[in-house]
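Listed below are the residues making up each chain.
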Amino acid sequence: MRNIVIVGTQWGDEGKGKVVDWLSERADVVVRFQGGHNAGHTLVVDGVTYKLSLLPSGIVRPNKLSIIGNGVVIDPWALFSEIESVSKLGVKVSPDNLRIAENAPLILPIHSMVDKSAETKRGSAKIGTTGRGIGPAYDDKIARRAIRVCDLADADVLRDKIENLLAYHNVMLTANGGQAMTVDEILQPLLEIAPKLLPFAMPVWMLLHQLRRERKRILFEGAQGALLDVDHGTYPYVTSSNTLAGTATIGSGVGINAIG
């Protein structure tokens, strides 16, 4: 097996999970390279069903390294809820088998609030978002105001960045009839979860380069589908990221059309 990128060629739900699960058994490393917790894969391994959204599919198999890349926007509370769920099914998750890009942007509580209020404001022209804050989190990334995983290591820097972020989002939130959030409403939950998240963080681009030189078999696991790509999909009814393999440049690609 060479390094392979798996992408859907429709709007998602093509059956990528089946293919990813089959290939992950043969891979050394499985990487989620885009999206958030608005899409996921259902795996059935040895009769046990796992529902994954942020965790790469390799996490359910022993002796595999799973990586969440910098193209993913991470809701840390959703992530640890997912880790807790798979832990109850006997899956051990630790920094030994899961690495997270230190520069991955975080989805914050205000992102979900902005997402839902904007969708309500659109009325009959709704996009159909999940309301989980993925779009506003990508918005912050492109606008250079995102809170990233590495920012959790410095409380003073984190506070300054939250103030900058709120200066934008609170205007949008109140304009759509919502209630503004305070810095502490975001800062304190982040400081509480930081000690849990930071041990997983590292520059994964460097790790992937090293793994490639060691000729490890790397599987890049795409979410959603090509027609939801923000550039090449059925715009504006798309997700907020590039779902295609251009954001995962190692190896070859496989497009999944539909699996019954």
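Preceding block: the structure.
In short, a report on the structure. The numbering scheme is per chain: residues are counted from 1 as the chain's sequence reads. Side-chain atom pairs in this predicted model are given and counted only at pLDDT of 80 or more, local residue features only at pLDDT of at least 70, and totals for whole chains, interfaces and linings cover all residues. To obtain the side-chain values, all non-hydrogen atoms of the structure were included, while hydrogens and water were left out.

Concerning the packing of helix α5 (residues 155-175) against helix α6 (residues 183-197)
Working step 1: For helices, the fitted line uses only the C-alpha atoms of the stretch in contact; every axis is such a line through C-alpha atoms, and the angle between N-to-C directions lies from 0 to 180 degrees. Only DSSP runs of H or I reaching four residues or more are called helices, and only runs of E reaching two or more are called strands; each is numbered from the N terminus. Contact pair α5 / α6: the axes reach a minimum separation of 10 Å and the direction vectors enclose 140°. One element, α5, and the other, α6, form an angle in the oblique class. Crossing handedness for the pair α5 and α6: right-handed. Contact residues: α5 offers Ala155, Leu158, Arg159, Ile162, Glu163 and Leu166, while α6 offers Val183, Asp184, Ile186, Leu187, Leu190 and Leu191.
Working step 2: Classifying every residue of the contact of α5 with α6 gives nine nonpolar, no polar and three charged. Working definition: roughly parallel below 35 degrees, roughly antiparallel above 145 degrees, roughly perpendicular at 65 to 115 degrees, and oblique for all remaining angles. Helix crossings fall into two classes, left-handed where the near helix is turned counterclockwise from the far one by less than a right angle and right-handed where it is turned clockwise. Any two residues whose heavy atoms approach within 4.5 Å are treated as being in contact. Under the grouping applied here, Gly and all other residues not named as nonpolar or charged are polar, the nonpolar ones being Ala, Val, Leu, Ile, Met, Phe, Trp, Tyr, Cys and Pro and the charged ones Asp, Glu, Lys and Arg.

As for the environment of Trp11
Working step 1: Looking at the secondary structure, you find Trp11 in the loop between β1 (4-8) and α1 (16-24).
Working step 2: Through-space distance from the C-alpha of Trp11 to that of Leu227 is 5.2 Å; in sequence the pair is 216 residues apart.
Working step 3: If we ignore the near neighbours within four places in the chain, the residues touching Trp11 are Gly225, Leu227, Leu228 and Thr234.

Side note on a nonpolar patch on the surface
Working step 1: Residues with no salt bridge and a relative accessible area higher than 30% make up the patches, which join like charges within 9 Å and nonpolar side chains (Val, Leu, Ile, Met, Phe, Trp, Tyr) within 5 Å. Note on areas: Shrake-Rupley, 1.4 Å probe, and residue coverage restricted to the protein chains presented here. Criterion for a salt bridge: a side-chain nitrogen of Lys or Arg within 4 Å of a carboxyl oxygen of Asp or Glu. Taken together, the side chains of Tyr168, Val171 and Met172 present a nonpolar region at the surface, about 260 Å² in accessible area.
Working step 2: On the secondary structure map, Tyr168 appears in helix α5.
Working step 3: Among the residues examined, Tyr168 registers a relative accessible area of 32% and is labelled partly exposed. Under the scheme applied here, a residue whose accessible area is under 20% of the maximum for its type counts as buried, over 50% as exposed, and between as partly exposed, the area being computed with a 1.4 Å probe on protein chains only.

Thoughts on a negative patch on the surface
Working step 1: Counting rule for charge: Lys and Arg are taken as positive, Asp and Glu as negative, and neither His nor the chain ends is counted. The location of each charge is read from NZ of Lys, CZ of Arg, CG of Asp or CD of Glu. Among the surface-exposed residues, Asp154, Asp156, Asp160 and Glu163 lie close enough to one another that they form a single negatively charged patch.
Working step 2: Looking at the secondary structure, you find Asp156 in helix α5.

Details of helix α4 (residues 134-142)
Working step 1: Listed as buried for α4 are Ile134, Pro136, Ala137, Tyr138 and Asp140.
Working step 2: Taken from the residues just after α4, Arg144 is the one with a positive phi, measuring 65°.

Some words on the pattern of salt bridges
Working step 1: Scanning all chains against the criterion turns up seven salt bridges.
Working step 2: Here Glu84 and Lys88 are joined by a salt bridge, their closest N and O atoms 3.9 Å apart.
Working step 3: Residue class for Glu84 comes out partly exposed when judged on its relative accessible area of 47%.
Working step 4: Judged by its relative accessible area of 67%, Lys88 is exposed.
Working step 5: Taken together, the shared-partner salt bridges connect Asp139, Asp140 and Arg145 into one network.

Remarks on the packing of aromatic side chains
Working step 1: Between 30 and 60 degrees the pair is tilted, below 30 it is stacked and above 60 it is edge-to-face, where a pair is any two Phe, Tyr or Trp rings, Trp via its six-membered ring, whose centres lie within 6.5 Å. In this structure the tally under the stated criterion is one aromatic pair.
Working step 2: Only lysine NZ and arginine CZ atoms are considered, and such an atom sits over a ring when it is within 6 Å of the ring centre and within 35 degrees of the ring normal. Across from the ring centre of Tyr168, 3.6 Å away, lies the NZ or CZ of Arg145, which sits over that ring.

Structural notes on the packing of helix α2 (residues 76-87) against α6
Working step 1: Relative to each other, α2 and α6 sit at 45°, their axes nearing to 11 Å. By the angle class used here, α2 and α6 are oblique. As for how α2 packs across α6, the hand of that crossing is left-handed. Every residue of α6 that contacts α2 at Pro76, Trp77, Leu79 and Phe80 is listed here: Pro189, Leu190, Ile193, Lys196 and Leu197.
Working step 2: Considered class by class, the residues forming the contact of α2 with α6 number eight nonpolar, no polar and one charged.

Side note on helix α7 (residues 204-213)
Working step 1: Within α7 the residues assigned to the buried category are Val204, Leu207, Leu208 and Leu211. The buried residues of α7 occupy one face: seen down the axis, they fall within an arc of 100°. Away from its buried face, by an angle of more than 90 degrees, α7 presents the exposed residues Trp205 and Arg213.
Working step 2: Looking at the buried positions of α7, the neighbouring elements they touch are β2 (29-32), β5 (65-68), β6 (98-101), β7 (201-202) and β8 (218-221).
Working step 3: A positive phi of about 60° marks Arg215, the residue just after α7. What the arc describes is the spread of directions from the helix axis to the C-beta atoms.

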